[in-house]
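Below are the chains, spelled out letter by letter.
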Amino acid sequence: MSGSSSSAEGYAARMAFEQHGHTHRLDWVDPTLREWDCTVVWSDPSDPEAGIVLDRSAFYPGGGGQPPDHGVLLWQGVQTRIVDTRKGDDPYLIPAPGDPIPPAGTNVRGAIDDDRRSTLMRTHSGLHILCGTVFRDFGALVTGGNMQPGEARMDFNLPEVPPGFKQALEDAVNAEIAADRKIVARILPRDEALAIPDLVRTQDALPPLDNPEIRVVDIVGLDVQADGGTHVASTAQVGRVQVVKVESKGRQNRRVRIKLA
């Protein structure tokens, strides 16, 4: 993209995409960010389970199989532990039971649980490498998946697998990790994104129809998918992946379980 006008339009589009209700999504701007200053724009101290809304948040609220971040809000000499997120018109951060609730207007410092987030980023990128490898070698689409820090599963529309599939798949995935491919997230206009061949790898699924832009995660040379989660910057940062088990889930599906070695 060139020219000051188009650059400004592109920046405005990214800003619009990164704004969720009252909250600017810092987790999409910089997935390595772990601490930041912000302001509470909504809370109900009488109802802690209603959640806390920030004007700027690096907490990944969960979605696409990736669990939400944990962390703390530090304010006026106390801390509020964040243990979950409720999604709605805003990401509503859910505090730990019994923790104090900062009222609206309070300036707070947010901090993400680095071990949990970093492990989830490695796990999520590992799943994308797995998905890209299976699609490249077998043409199979994803029918389900889930992850926790350090381990995950992905289901594929894969009626048959060859002998030695488990070890061959593990070797192929780790070869892609060792290739140190860049992982790049981009915001594209919806029509431009959907023009990318095989952008959506989940069977019978499309990105939300009301989104004018789509976030695309590109493992350069291997895999391009619509995705809203957090990722490491290159495949080498995933580390080694072990294929723990391959299970049959009906005549058409195989479940592949992986963990970070």
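Structural data are supplied above this passage.
Everything numeric here is computed off the predicted structure, so don't read it as measured data.

**Q** Mind showing me how you'd approach the overall build of the protein here?
**A** Check the secondary structure of the protein and you find five helices and 16 strands. A compact globule built from 261 residues should have a C-alpha radius of gyration of about 18 Å, and the protein, at 20 Å, falls within 12% of that. Each principal axis of the C-alpha atoms in the protein carries an extent, and together these give about 60 × 50 × 30 Å. The proportion of buried residues among the 261 residues of the protein is 46%.

**Q** Which parts of the structure should I look at to understand the sheet that holds strand β1 (residues 19–20)?
**A** Hydrogen bonds between backbone atoms are what pair the strands of a sheet, whose relative direction is either parallel or antiparallel. Taken in spatial order, the three strands of this open sheet run β1-β2-β5, and their pairing is mixed. The open sheet has two free edges, formed respectively by β1 and β5 (56–57), since each of these has just one partner strand. Pairing geometry for β1 and strand β2 (residues 23–25), over two bridges, is antiparallel. Counted as the bridge partner of His-20 is Thr-23 from β2.

**Q** What's the story with helix α3 (residues 114–138) in this structure? I'm lost.
**A** An α-helix turns once every 3.6 residues. As a result, residues three or four positions apart point the same way. For α3, spanning 25 residues, the distance from its first C-alpha to its last is 35 Å, which sits close to the expected 36 Å at 1.5 Å a residue. The positive-phi residue at the C-terminal boundary of α3 is Gly-139, with phi of around 70°.

**Q** Looking at this structure, how should I read unusual backbone geometry?
**A** With the exception of glycine, most residues fall at negative phi, and the peptide bonds are largely trans. In this structure, Asp-180 is a non-glycine residue whose phi angle is positive, near 55°. Relative to the helices and strands, Asp-180 resides in the loop between α4 (165–178) and β12 (183–189). Phi is positive for Asp-198, close to 60°, though the residue is something other than glycine. Along the chain, the position of Asp-198 falls in the loop between α5 (190–194) and β13 (213–219). The partly exposed category is assigned to Asp-198, whose relative accessible area is 44%.

**Q** Help me understand the sheet that holds β12, please; the structure alone is not making it clear to me.
**A** The three strands lie next to each other as β12-β13-β14, forming an open sheet whose pairing is antiparallel. Each edge of the sheet is formed by a strand with only one pairing partner; in this case those strands are β12 and β14 (223–226). The mean angle between the axes of side-by-side strands here comes to 25°, regardless of whether they run parallel or antiparallel. Both β13 and β14 contribute to a ladder of four bridges, which runs antiparallel. Bridge assignment links Ile-219 to a residue of β14, and that residue is Asp-223.

What counts and what doesn't
- Here, residues in each chain are numbered from 1, in the same order as that chain's written sequence.
- Whole-chain, interface and lining totals are the exception, using all residues; otherwise, since this is a predicted model, local features are given only for residues with pLDDT of at least 70 and side-chain atom pairs are given and counted only at 80 or more.
- Hydrogens and waters are ignored; side-chain quantities use all the structure's heavy atoms.
- Each helix corresponds to a stretch of at least 4 residues labelled H or I by DSSP, and each strand to a stretch of at least 2 residues labelled E; elements are numbered beginning at the N terminus.
- C-alpha atoms define the radius of gyration, and 2.2 Å times the number of residues to the power 0.38 defines the globule rule.
- Relative accessibility thresholds used throughout: buried, under 20% of the residue-type maximum; exposed, over 50%; partly exposed, between the two (1.4 Å probe, protein chains only).
- We treat two strands as partners when DSSP finds at least two bridges between them.
- Given a helix with a known number of residues, its expected span is that number minus one, times 1.5 Å.
- Axes here mean lines fitted to C-alpha atoms, for a helix over just the part in contact, with angles spanning 0 to 180 degrees between N-to-C directions.

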